[in-house]
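This is what each chain is made of:
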Amino acid sequence: MFEIAAKVIAAGANHSVAIKNNGTVACWGNNSYGQSLAPTMNNAVQVAAGYRNSGAVLADGNIQLWGAGKTNTNTAPNYGQSIVPSSATNVTGLALGAY
C-alpha cells in the first residue's frame, strides 16, 4: 500500500486516478491500455476514469485523455475514446464510460 494526499479521486473499472494537492495527476491499478500512465500535467482540476481510459480537465478548460482509444482505428478497444475533439474547449466537467 501507499499513501497519497489527494483532493479529487475517480475510480474506473480496474484503476484509479487522483489529483494531488499540487495539481499533478497520479494513477494506480491496471495499466493494460495505458489508463494508469498519466501524461505530465500540473494544472488538473477534475479527473475521470473509464473502463480502459482516463482523463483530466485542466484549469484552462482543455482536456487531457489517455489510455485505450488513442488511435481511432475501430479495433477493440480503440474506438477513439481517448481522442479529444477539437470542439472541446472551456470544459467544466468530464465523465468517461466503457467505449
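The rules we used
Counting from 1, residues in each chain are numbered in the order their sequence is written. Predicted model: local features are reported for residues with pLDDT of at least 70 only, side-chain atom pairs are reported and counted for 80 or more only, and whole-chain, interface and lining totals are derived from all residues. Processing note: side-chain calculations cover all non-hydrogen atoms of the structure and skip hydrogens and water entirely. Only runs of H or I of at least four residues qualify as helices and only runs of E of at least two qualify as strands under DSSP, and these elements are numbered from the N terminus. Only protein chains enter the accessibility calculation, which uses a 1.4 Å probe; a residue is then buried when its area is under 20% of its type maximum, exposed when over 50%, and partly exposed in between. Shrake-Rupley sampling with a 1.4 Å probe provides the accessible areas, and residues are treated as covered by the protein chains on show and by no other component. Two strands pair if DSSP finds at least two bridges between them. To get an axis, a line is fitted to the C-alpha atoms, and for a helix only the part in contact is used. The angle between two axes follows their N-to-C directions and goes from 0 to 180 degrees.

Asker: I tried to follow the overall build of the chain on my own but got confused; where do I start?
Answerer: Counting secondary structure elements, the chain contains zero helices and six strands. Ordered by position in the sequence, the α and β elements of the chain form the string β-β-β-β-β-β. Across the 99 residues that make up the chain, the buried fraction comes to 40%. Total accessible area on the chain is roughly 5400 Å²; 49% of this is exposed by carbon and sulfur atoms.

Asker: What exactly am I supposed to notice about the sheet that holds strand β2 (residues 15-20) here?
Answerer: Strands pair in a sheet through their backbones, by hydrogen bonds, and they do so in one of two ways: parallel or antiparallel. The antiparallel open sheet is built from three strands, whose spatial order is β1-β2-β3. Only two strands of the sheet have a single partner each, and these edge strands are β1 (6-11) and β3 (25-29). Adjacent strand axes in the sheet meet at a mean angle of 20° when their direction is disregarded. Sheet topology places β1 next to β2; five bridges connect them, and they run antiparallel. Pairing of Ala-10 across the sheet is with Val-17, part of β2.

Asker: Please clarify how the sheet that holds strand β5 (residues 53-58) should be interpreted in this entry.
Answerer: As summarised here, the arrangement of the three strands in space is β4-β5-β6, forming an open sheet in which the pairing is antiparallel. The open sheet has two edge strands with one neighbour each: β4 (44-49) and β6 (63-67). Ignoring strand direction, the axes of neighbouring strands in this sheet form an average angle of 15°. With five bridges connecting them, β4 and β5 associate as antiparallel partners. By the bridge assignment, Ala-49 is partnered in β5 with Ser-54.

That's the geometry; what it means functionally is another story.
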